[in-house]
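Residue strings, one per chain:
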Amino acid sequence: VVILLVTGAIPITINEIQHHRISPVSQPPTQLAMAKMQDAQHLAICLIMYADHNHGHFPTNLEQINAYTNRYPIGSVGEFQVVYQGSFNGITKPANTIIVQGSQPWQMSDGKWAKVYAFADGHSEVQVRPTGEFRAFEQRHTVPSAAGAR
């Protein structure tokens, strides 16, 4: 399994036990970041399973996936929000499309801000920024839900 570390525009791959991406980083992932990535990845899997059982349509909220989160326990569901609510068919680039994200960024020990995201292919990432500004990243990786709405 691979961790993708991105510094600037140069990706560096490192073999690791978990399938997560952290970018850009100045230090190894913290326990908190790893726990948030694991929760985000589990949520992504639950959302994808829900869509699979509901004619390809993602849920509109996290309460709709309770049956799935019981099978895949998640530490803090309340810290996440559903980003994509349309049809899986509306997603042309699953590895680049956010379906769930952390509700709030958190400040790391080095003063930088981090936020967790999970994508339609089931992987999770922590994005790190010097400020708490993640809007540009989110806009690049979000598909309007209306594109795949029911």
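First things first, this report covers the structure right here in the doc.

Definitions and cut-offs
Residues numbered from 1 in each chain as written. Predicted model: local features only at pLDDT ≥ 70, side-chain atom pairs only at ≥ 80, totals over all residues. Heavy atoms only, no water. Helix = DSSP H or I, 4+ residues; strand = E, 2+ residues; numbered from the N terminus. Buried < 20%, exposed > 50% of the residue type's maximum accessible area, 1.4 Å probe, protein only. Contact = heavy atoms within 4.5 Å. Areas by Shrake-Rupley, 256 points an atom, 1.4 Å probe, with all protein chains shown as cover. Phe/Tyr/Trp six-rings, centres within 6.5 Å; stacked < 30°, edge-to-face > 60°. Lys NZ or Arg CZ within 6 Å of the ring centre and 35° of its normal. Salt bridge = Lys/Arg side-chain N within 4 Å of Asp/Glu carboxyl O. Core = buried A, V, L, I, M, F, W, Y, C linked by side-chain atoms within 4.5 Å.

### Topic: the overall build of the protein
Logical step 1: Within the protein one finds three helices and eight strands.
Logical step 2: Counting from the amino terminus, helix and strand elements in the protein follow one another as β-β-β-α-α-β-β-β-β-β-α.
Logical step 3: Here the protein holds 150 residues, and 44% of them are scored as buried.
Logical step 4: A separation of at least 24 residues holds for 43% of the contacts in the protein among residues at least 6 apart in sequence.
Logical step 5: Counting every atom, the protein has about 7800 Å² of accessible surface; 54% of that belongs to carbon and sulfur.

### A few points about the packing of aromatic side chains
Logical step 1: Here the structure, examined in full by the defined rule, presents three aromatic pairs.
Logical step 2: Ring-pair connections join several aromatic residues into one group, and the members of that group are F58, Y84 and F88.
Logical step 3: A cation over an aromatic ring shows up here: K36 above the ring of W106, its NZ or CZ 4.8 Å from the ring centre.

### Structural notes on the pattern of salt bridges
Logical step 1: Tallying each qualifying case throughout the model produces three salt bridges.
Logical step 2: The partner of K36 in a salt bridge is E79, with the nearest N and O atoms 2.8 Å apart. In this pair, K36 sits in helix α1 (residues 31-53) while E79 sits in the loop between α2 (66-69) and β4 (80-82), placing the two residues 43 residues apart along the sequence.
Logical step 3: By relative accessible area, K36 is classed as buried at 13%.
Logical step 4: Given a relative accessible area of 37%, E79 falls into the partly exposed group.

### What about the nonpolar core?
Logical step 1: In this structure, L47, I65, I99 and V126 are the most contacted members of the largest nonpolar core, which totals 29 residues.
Logical step 2: For this core, the elements supplying multiple residues, two or more each, are α1, β4, β5 (98-102), β7 (113-119) and β8 (124-129).
Logical step 3: Here this core takes 10 residues from α1, the largest share from any one element.
Logical step 4: Discounting chain neighbours no more than four positions away, the residues touching L47 are F58, P59, L62, I65, V82, I99 and V100.
Logical step 5: Within the second largest apolar cluster, six residues are counted, among which are V83, I98, F134 and F137.

On their own, these measurements won't tell you what the molecule is for.
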